[in-house]
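What follows is each chain in one-letter form.
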Amino acid sequence: MPFENTPHLVFWEVTKACPLSCKHCRANAIDKPLPEELSTKESKKLLEDIARFGKVVIVFTGGDPLSRSDIFELMEYAKSLGLVVSIAPSPSYRLSDETMKMISNYARYMSISLDGATSQTHDWLRGLGSYKYALRGIALGLKYRIQVQVNTLVWKKSYSELPFLVKLLKELGVKIWEVFFLIPVGRGVIELDIPKEKYKDVIDFLVETTRYDLVVRTVEAPFFRRAKLEYTPDTIKNNELISKLRELLGDPVKDVDKSVLPTRDGSGVIFIGYNGDVYPSGFLPLYLGNVRKESIVDIYRKSEALKIIKDGRFNGKCGVCKFNNICGGSRARAFAVYNNPFAEDPMCPY
């Protein structure tokens, strides 16, 4: 695997504190910071360690990273070390013009969550007023020339709104859309998820969406890559989401994007919790070590569990599938359902 020794993305949950109380929150975010948070000194040491990987993307996430009083100091230090800085602030009142200008000094990328095409849908999940703050954050990020990525959870209420979301993103000028599939972790409950038989419809819709000059990525749905590679014109038949997309935006403007970046939880991706605990991803609570005790570089390169994940040594259909190397299924979902990170992905539609 290309990520044997170096991840592409390092997610760092700098705090659990957040002004929102989202119904699906992976982090079980709370109002106030917890005492176990890494100090500024410890945080800078961690950033120096991450920089040993080379020019990787460091994503400051949370909770809400803007809850930390030293967040801009840490972002500035990360940039000075040669890291590619990204931030994932919560869609809240904190996304002011002044704050966005500060973010633009250090971050190349920023992600904002938009979990429905309407305020009713988004705010039901994230809290009253969050929708307008998300739109404001997106507009301000683009104003200050940050590469803005919109994150969207596929859930029961957003399913039918997905084509309208694409139309909204095009109108806003967003170029990157990252679509999350639900994992029952934290406050995320399985009751919010769409039925398994709808997964393939969403995946085929996302493949078609790449034809509208939008970069589409998925989280915990790596079988999207297989769908891109196996795309044929017959894919769009009898798909209500694609039909609505055509109705809203007309005919596609380009061919399907068949590029693939074969990351998976623990391979190309690594996650550091607020207290220094390390996991393959934020959705896979498989403890690997703690950066207060050992180097993140050593954890990523020497963990036996990560070696199995990087090698694609999985059970069931994920172990024998010919798309194992570029997909491999969601390790987080396998763990959530079977308590085994090496089991097959129970929601894979293939």
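Residues numbered from 1 in each chain as written. Predicted model: local features only at pLDDT ≥ 70, side-chain atom pairs only at ≥ 80, totals over all residues. Heavy atoms only, no water.

Within an unreviewed UniProt entry, the label attached to the protein chain reads Radical SAM heme biosynthesis protein AhbD, Fe-coproporphyrin III decarboxylase, and the organism entered is Saccharolobus shibatae. Note on the protein chain: under the UniProt heading Cofactor (unreviewed entry), the record states "[4Fe-4S] cluster". (UniProt positions renumbered as here; feature names shortened; annotations may be inferred.)

Peer 1: Explain the overall build of the protein chain to me, please; I cannot follow it from the model alone.
Peer 2: The helix and strand tally for the protein chain stands at 13 helices and 11 strands. Over its C-alpha atoms the protein chain spans a radius of gyration of 19 Å, differing by no more than 12% from the 20 Å that the globule rule assigns to 350 residues. Taking the principal axes of its C-alpha atoms as reference, the protein chain extends roughly 55 × 45 × 35 Å. Scored against the burial criterion, the 350 residues of the protein chain give a buried share of 59%. Of all intrachain contacts in the protein chain linking residues separated by at least 6 positions in sequence, the fraction that spans at least 24 positions is 73%. Carbon and sulfur atoms make up 51% of the accessible area of the protein chain, which amounts to about 14,500 Å² in all. (Helix = DSSP H or I, 4+ residues; strand = E, 2+ residues; numbered from the N terminus. Rg over C-alpha atoms; globule rule 2.2 N^0.38 Å. Buried < 20%, exposed > 50% of the residue type's maximum accessible area, 1.4 Å probe, protein only. Contact = heavy atoms within 4.5 Å. Areas by Shrake-Rupley, 256 points an atom, 1.4 Å probe, with all protein chains shown as cover.)

Peer 1: Explain the pairing of strand β9 (residues 268-272) to me, please; I cannot follow it from the model alone.
Peer 2: Working note: regular strand, side chains alternate between the two faces of the sheet. Burial runs high along β9: five of the five residues are buried. The pairing of strand β1 (residues 9-13) with β9 spans four bridges and is parallel. Bridged to V10 within β9 is I270. In the sheet, β9 pairs with strand β10 (residues 277-279) via two bridges, with the strands oriented antiparallel. Of the residues in β10, the one forming a bridge with I272 is V278. Counted along the chain from β9 to the antiparallel partner β10, the turn is four residues long, and its residue G276 has a positive phi close to 95 degrees. (Pairing = 2+ DSSP bridges.)

Peer 1: For this particular structure, what's the right way to read the pairing of β1?
Peer 2: The pairing of β1 with strand β2 (residues 57-61) spans five bridges and is parallel. Bridge assignment links F11 to a residue of β2, and that residue is V59. Crossover handedness for the path β1 to helix α1 (residues 40-50) to β2: right-handed. (Right-handed = clockwise from strand over helix to strand, strands pointing away.)

Peer 1: Any chance you could explain unusual backbone geometry here in plain terms?
Peer 2: One can expect most non-glycine residues to show negative phi and most peptide bonds to be in trans. Of note in this structure, R145 is not a glycine but carries a positive phi near 60 degrees. On the secondary structure map, R145 appears in the loop between α5 (130-143) and β5 (147-154). Using a relative accessible area of 77% as the deciding quantity, one classes R145 as exposed. The backbone of E220 shows a phi angle near 65 degrees, a positive value even though the residue is not glycine. Looking at the element boundaries, E220 is found in the loop between β7 (215-219) and α8 (223-229). E220 gets classed as buried once you look at its relative accessible area, which sits at 7%.

Peer 1: Where do I start with the layout of surface pockets in this structure?
Peer 2: The rolling of a water-molecule-sized probe over the atoms marks out the regions of remaining empty space. When its volume is computed, the second largest pocket comes out at roughly 210 Å³. Lining the second largest pocket are 16 residues, with E13, K16, R26, F271 and Y279 positioned closest to its centre. Of the residues belonging to the lining of the second largest pocket, the class tally is seven nonpolar, five polar and four charged. (1 Å grid on protein atoms, 1.4 Å probe; cavity = no way out; pocket = protein on both sides within 12 Å on 5 of 7 lines; lining within 4 Å. Points joined across faces, edges and corners; volume = space filled by probe spheres on them. Nonpolar A, V, L, I, M, F, W, Y, C, P; charged D, E, K, R; others polar.)

Peer 1: Is there a simple way to think about the pattern of salt bridges in this case?
Peer 2: Opposite charge on two side chains allows them to pair when their charged atoms are near. Using the criterion set out here, one finds 24 salt bridges in the structure. Between R126 and D115 there is a salt bridge whose closest N-O contact spans 2.4 Å. Here R126 is found in helix α4 (residues 119-126), whereas its partner D115 is found in the loop between β4 (109-113) and α4, with 11 residues between them in sequence. Since its relative accessible area comes to 11%, R126 is described here as buried. Assessed through its relative accessible area of 2%, D115 is described here as buried. In this structure, R246 and E208 form a salt bridge, with 2.8 Å as the shortest nitrogen-oxygen distance. (Salt bridge = Lys/Arg side-chain N within 4 Å of Asp/Glu carboxyl O.)

Peer 1: Can you walk me through the side chain of T99 in this structure?
Peer 2: With respect to the element layout, T99 can be found in helix α3 (residues 97-106). Judged by relative accessible area, which is 18%, T99 ranks as buried. Among the polar contacts listed, one links the side chain of T99 to the backbone oxygen of R94, at a separation of 3.3 Å. With sequence-adjacent residues up to four places away left out, T99 is seen in contact with L66, F72 and R94. (Polar contact = N/O pair within 3.5 Å; in protein donor to acceptor, adjacent residues only side chain to side chain.)

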